[in-house]
Amino acid sequence: MRTWLDDNASTLLLKLSRRIEDITGLDTTLRTRFSSTELFQVLNYGIGGQYDPHFDFYEDTKQLEMYPPSLQGSGERLATFLFYLTDVKFGGATVFPNAGVRVKVAKNGAAFWYNLKTSGDLDKGTLHAGCPVLIGSKWVTNKWIHEYGQQFRRPCELTRNSPPTP
Ligand SMILES: O=C(O)CCC(=O)C(=O)O
Ligand SMILES: [Fe+2]
């Protein structure tokens with residue numbers, strides 16, 4: 001199950017969006033044009049529910065045209081902020097097979113990662129999947145942060161593959 005929540009629909013969501021901005025230093029402003037973020041995506045996985053391995057960015061820049069008008073010109077999904085809203089009794093971890101990382105589901109926990117290198121190149125190390133839920137029900141919400149608006153917040157590095165500045 002997937003649905004979307006608008007930051008402006010409640011003061012709580014707006015606060016959450018501002019909190020992400022405070023933590024990451026990135027612009028999380030939702031705009032009708034050149035938006036820096038997408039709405040909050042909410043996902044629920046029942047038993048057996050999973051998310052196949054994928055990247056959060058589009059590999060083909062032509063596909064960026066598939067975004068809604070608010071995100072035209074906003075670039076790729078620079079970063080992902082993922083909140084775990086429930087515990088899961090068994091299964092459901094978020095795994096990054098290329099990076100060798102597994103994030104266990106923990107209520108009130110969150111994961112954050114950059115999908116792009118500081119050069120702007122797509123980081124294939126961010127391939128990730130939601131493992132099948134074996135016992136329980138998993139709820140998450142995530143906010144995708146786009147490149148637009150981050151020019152002065154996450155400056156480019158000088159070499160193509162330099163690691164992100166901490
Ligand atoms: O549910 C998860 O653990 C991952 C979700 C995800 O990768 C996504 O929404 O793009
Ligand atoms: Fe994802």
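Just so we're clear, the structure is a prediction, and the values are computed from it rather than from any experiment.

## Description of the site of ligand 1
- Within the structure, ligand 1 sits among 13 residues, and Q41, Y45, T94, H128 and K138 are positioned closest to it.
- Between ligand 1 and H54 there is a distance of 3.1 Å, counted from an oxygen atom to a side-chain nitrogen or oxygen.
- In the environment of ligand 1, an oxygen atom lies 2.8 Å from a nitrogen or oxygen atom belonging to the side chain of K138.
- Calculation on ligand 1 without its partners gives an accessible area of 290 Å², and the protein chains cover 100% of this total.
- For the shell around ligand 1, the elements supplying multiple residues, two or more each, are strand 2 (40-45), strand 3 (51-54), strand 9 (128-130) and strand 11 (138-146).
- If you tally residues by element for the shell around ligand 1, the top one is strand 11, at four residues.
- Considering only residue class, the shell around ligand 1 consists of five nonpolar, six polar and two charged.

## Observations regarding the pairing of strand 11
- Burial runs high along strand 11: eight of the nine residues are buried.
- Note that strand 2 and strand 11 share five bridges and pair antiparallel. Within strand 11, the position partnered with N44 by the bridge is W139.
- Summarising the sheet, strand 4 (residues 77-84) and strand 11 pair through seven bridges and their orientation is antiparallel. Following the sheet pairing, R77 is matched in strand 11 by H146.

## What about the coordination of the iron ion (ligand 2)?
- H54 (NE2), D56 (OD) and H128 (NE2) make up the full set of protein donors to the iron ion (ligand 2), lying at 2.1 to 2.2 Å.
- When the donor residues of the iron ion (ligand 2) are listed from N- to C-terminus, their spacing reads H-x1-D-x71-H.

## A look at the UniProt feature "domain: Fe2OG dioxygenase" (unreviewed entry) in the protein
- Within the UniProt annotation, "domain: Fe2OG dioxygenase" (unreviewed entry) is assigned to residues 35-147.
- End-to-end, the C-alpha atoms of residues 35-147 are 9 Å apart, and along that stretch the chain is 0% helix and 41% strand.

## A look at the sheet that holds strand 6 (residues 94-96)
- Strand order in this open sheet of four strands is 3-9-6-7, and the pairing throughout is antiparallel. At either end of the open sheet lies a strand with only one pairing partner, and these are strand 3 and strand 7 (101-103). The sheet shows a mean angle of 10 degrees between the axes of neighbouring strands, direction not considered.
- Where strand 3 lies against strand 9, two bridges are found, and the strand directions are antiparallel. Each residue of the ladder has a partner; that of Y51, found in strand 9, is G130.

## So, helix 1 (residues 11-24)
- In this model helix 1 runs 20 Å from its N-terminal to its C-terminal C-alpha over 14 residues, within 8% of the 20 Å that 1.5 Å per residue would give.
- Among all positions of helix 1, only L13, S17, I20, E21 and T24 are buried. Down the axis of helix 1, the buried side of the element spans an arc of 100 degrees, and every buried residue falls inside it. Facing away from the buried side of helix 1 by over 90 degrees, the exposed positions are T11, L12, K15, D22 and I23.
- In this structure, the buried side of helix 1 is in contact with strand 1 (2-5), strand 2, strand 4, strand 8 (110-114) and strand 11.
- Trailing helix 1 by a residue or two, G25 shows a phi angle of about 75 degrees, which is positive.

Reading the values: the criteria
- Residues numbered from 1 in each chain as written.
- Chains lettered and ligands numbered in written order.
- Predicted model: local features only at pLDDT ≥ 70, side-chain atom pairs only at ≥ 80, totals over all residues.
- Heavy atoms only, no water.
- Near = heavy atom within 4 Å.
- Polar contact = N/O pair within 3.5 Å; in protein donor to acceptor, adjacent residues only side chain to side chain.
- Areas by Shrake-Rupley, 256 points an atom, 1.4 Å probe, with all protein chains shown as cover.
- Helix = DSSP H or I, 4+ residues; strand = E, 2+ residues; numbered from the N terminus.
- Nonpolar A, V, L, I, M, F, W, Y, C, P; charged D, E, K, R; others polar.
- Buried < 20%, exposed > 50% of the residue type's maximum accessible area, 1.4 Å probe, protein only.
- Pairing = 2+ DSSP bridges.
- Donors = N, O, S within 2.8 Å, 3.2 Å for Na, K, Ca; no water.
- UniProt positions renumbered as here; feature names shortened; annotations may be inferred.
- Axes fitted to C-alpha atoms, helices over the stretch in contact; angles between N-to-C directions.
- Expected span 1.5 Å × (residues − 1).
- Arc of directions from axis to C-beta.
- Contact = heavy atoms within 4.5 Å.

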